[in-house]
Amino acid sequence: MPAELSGLRLDQVLARLWPQHSRSRLQDWVRAGWVSVDGTACRDVRRKTWAAETLAVTQQPGIEQSAATAEPIALDIRHEDEDILVLAKPAGLIVHPGSGNWQGTLLNGLLYYLPQARDLPRAGIVHRLDKDTSGLMVVSKTLAAQTDLVRQLGARSVTRQYLALAAGRLPEQGTVDAPIGRHPQQRTRMAVVAGGKPARTHYQVLEYLPGASYVRCELETGRTHQIRVHMAKLGHALLGDAVYADRATAERFSRQALHAFRLELTHPRSGRRMAWELPLAQDMAQLLERLRAQKQIEAK
């Protein structure tokens, strides 16, 4: 082990020596016994390491990789190079296999399109969109790119902006700063809860429509269901949201009216800042036009 790393914690040393892996991934391998110090498995990520010691890591595929199968699922790719691809996810496509949905996911499609993705945790997926949310996603094609993108997400340097239709009349702009965690009684839902993970959403109303506000939202953090939970907390749940809206609001659209329209990040290899935008999905664009037509009729 390099002398300059002597005295550091085991997970810190591993992150320096194996930078293509995220620290959380390396910590998981330590706890599972896949890291040895002088030939003996060490499960303590905080253990101090010393220059005379020899470290060894047995790299492991994720559980998802061993279970997932490649499937010929159409991918709407908007950008691709040797490190990343940016795609437009349609509403209805599940990003990652899970309970009751082990096939037909974006991950299955990625394994078919990029066979080498089998060697990557989660087939290179670094962030998710809910099943019924449409919009832009970035996927890594190498371990180095994946680790870099995960770090960018952690540092909040990836810009993700969404377009949404929320019930009622929101203030013109604002920020929701409220922690999000699992709902204390309904474990399949998220909620604003004391002790939850920090979550911040900025929003600006683009247009007022009959019974709705057309809103641009920007995530400062990326918690599960963040925009949906925050808008519901304000009393302005998204149209079509069957989980967080009341029945009348949920029935106004066939899915939550949420679309990830802009993605901006620093390219993992070149360091160049890059951005993409995606027009509204057709169903949401049609909803917007119907509301605008209704507004014109009411104005007469």
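To be clear, the structure that these remarks concern was listed above.
These notes cover the structure that comes with them.

### Things to note about helix H8 (residues 282-299)
A rise of 1.5 Å per residue sets the reference length of H8, with its 18 residues, at 26 Å; its end C-alpha atoms lie 26 Å apart and thus fit the reference within 8%. Listing the buried residues of H8 in full gives Met284, Leu287, Leu288 and Leu291. Along the axis of H8, the buried positions cluster into a sector of 100°, meaning they face one direction only. Facing away from the buried surface of H8 by more than 90 degrees, the exposed residues are Gln282, Gln296 and Ile297. On its buried face, H8 is in contact with strand E7 (159-167), strand E11 (200-209), strand E12 (212-219) and strand E13 (258-266).

### Things to note about the pattern of salt bridges
One pass over the full model with this rule turns up 19 salt bridges. When the shortest N-O distance is used, the salt bridge between Arg255 and Asp283 registers 2.8 Å. A residue pair is termed long-range when its members are at least 10 positions apart, and Arg255 in the loop between helix H7 (247-250) and E13 and Asp283 in helix H8 qualify at 28 residues. Look at Arg255 and you get buried, because its relative accessible area is 4%. As a salt-bridge pair, Arg273 and Glu264 come within 3.1 Å of each other at their nearest N and O atoms. Look at the salt bridges and you will find they share partners, linking Arg156, Asp177, Arg200 and Glu220 into a network.

### A closer look at empty space enclosed by the protein
Using the criterion set out here, one finds one cavity of 30 Å³ or more in the structure. The calculated volume of the largest cavity comes to roughly 40 Å³. Lining the largest cavity, in full, are His127, Leu129, Leu136, Arg160, Tyr162, Ala260, Arg262 and Leu263. Among the elements of the structure, E7 and E13 are those that each provide at least two residues to the lining of the largest cavity.

### Focus: the environment of Asp177
In this fold, Asp177 is placed in strand E8 (residues 173-177). Sequence-wise, Asp177 and Ala199 are 22 residues apart; in three dimensions their C-alpha atoms are separated by 5.9 Å. What Asp177 contacts, discounting residues up to four positions off in sequence, is Ala199 and Arg200. A polar contact of 2.6 Å, which involves the side chain of Asp177, links it to the side chain of Arg200.

### Examining the sheet that holds strand E3 (residues 55-57)
Backbone hydrogen bonds hold the strands of a sheet together, and the pairing may be parallel or antiparallel. Pairing in this open sheet of three strands is antiparallel, and the strands run E2-E1-E3 from one edge to the other. Looking at which strands have only one partner, the edges of the open sheet turn out to be strand E2 (40-41) and E3. Most of the contacts of helix H1 (residues 10-17) go to E3, to which it runs at about 70°, and overall it touches strand E1 (35-37) and E3.

### Re the pairing of strand E4 (residues 76-80)
Summarising the sheet, E4 and strand E5 (residues 84-89) pair through four bridges and their orientation is antiparallel. In the strand pairing of E5, Asp76 is matched with Ala88. The hairpin formed by E4 and E5 contains three residues between the paired strands.

### Thoughts on the environment of Pro72
With respect to the helices, strands and loops of the structure, Pro72 is situated in the loop between helix H3 (63-67) and E4. For Pro72, a relative accessible area of 64% puts it in the exposed group. Considered as a pair, Pro72 and Leu110 are 38 residues apart in the sequence and their alpha carbons are 8.7 Å apart.

### Quick look at the side chain of Arg160
Position of Arg160 among the secondary structure elements: in strand E7. Here Arg160 sits buried without a salt bridge, and the closest side chain of opposite charge, Glu218, lies 8.8 Å off (N-O distance). With residues up to four places along the chain from it excluded, the contact list for Arg160 reads His127, Leu153, Cys217, Glu218, Leu219, Thr221, Gly222, Arg262 and Leu263.

### Here's the deal with unusual backbone geometry
For Asp38, which is not glycine, the phi dihedral falls at a positive 55°. The phi dihedral of Arg122 is positive, around 55°, even though this residue is not glycine. For Arg122, the location among the structural elements is in the loop between helix H4 (106-113) and strand E6 (134-140). With relative accessibility at 28%, the residue Arg122 sits in the partly exposed group.

### Points about the packing of H1 against helix H2 (residues 23-31)
To describe two helices that pack against each other, one gives the angle between their axes and the distance between the axes. Their axes nearest at 9 Å, the elements H1 and H2 cross at an angle of 125°. The orientation of H1 relative to H2 falls into the category oblique. The two elements H1 and H2 meet at a crossing, and its hand is right-handed. Contacts from Leu10, Asp11, Gln12, Leu14 and Ala15 in H1 reach Arg23, Leu26, Gln27 and Val30 in H2.

Rules used throughout
- Every chain's residues receive numbers from 1 upward, in the order its sequence appears when written.
- Residues qualify for local features only when their pLDDT is at least 70, as the model is predicted, and side-chain atom pairs are given and counted only at 80 or more; totals for whole chains, interfaces and linings, by contrast, use all residues.
- Side-chain numbers here rest on the full set of heavy atoms in the structure, without hydrogens or water.
- Elements are defined by DSSP. Helices are runs of H or I of four residues or more, strands are runs of E of two residues or more, and each kind is numbered from the N terminus.
- Multiplying 1.5 Å by the helix residue count minus one yields the expected span of that helix.
- We call a residue buried when its accessible area falls under 20% of the maximum for its residue type, exposed when it is over 50%, and partly exposed in between, using a 1.4 Å probe and counting protein chains only.
- This arc is built from the directions going out from the helix axis to the C-beta atoms.
- Residues count as neighbours in contact if any of their non-hydrogen atoms are within 4.5 Å of one another.
- By definition, a salt bridge exists where a carboxyl oxygen of Asp or Glu is found within 4 Å of a side-chain nitrogen of Lys or Arg.
- Method remark: on a 1 Å grid restricted to protein atoms, a set of points is classed as a cavity if a 1.4 Å probe fits but cannot get out and as a pocket if it is open with protein on both sides within 12 Å along at least five of seven lines; lining residues have an atom within 4 Å of a point.
- Grid points are joined across faces, edges and corners, and a volume is the space filled by probe spheres set on the points.
- N or O atoms within 3.5 Å of each other form a polar contact, as long as, within protein, one can give a hydrogen and the other can take it, and as long as residues adjacent in sequence are counted only when both atoms are side-chain atoms.
- We call two strands paired when DSSP finds no fewer than two bridges between them.
- Axes here mean lines fitted to C-alpha atoms, for a helix over just the part in contact, with angles spanning 0 to 180 degrees between N-to-C directions.
- We count Lys and Arg on the positive side and Asp and Glu on the negative side, and we leave His and both chain ends out.
- Note on angle classes: values under 35 degrees are labelled roughly parallel, values over 145 roughly antiparallel, values of 65 to 115 roughly perpendicular, and the remainder oblique.
- For any pair of crossing helices, the crossing counts as left-handed if the nearer helix is rotated counterclockwise from the farther one by less than a right angle, and right-handed if it is rotated clockwise.

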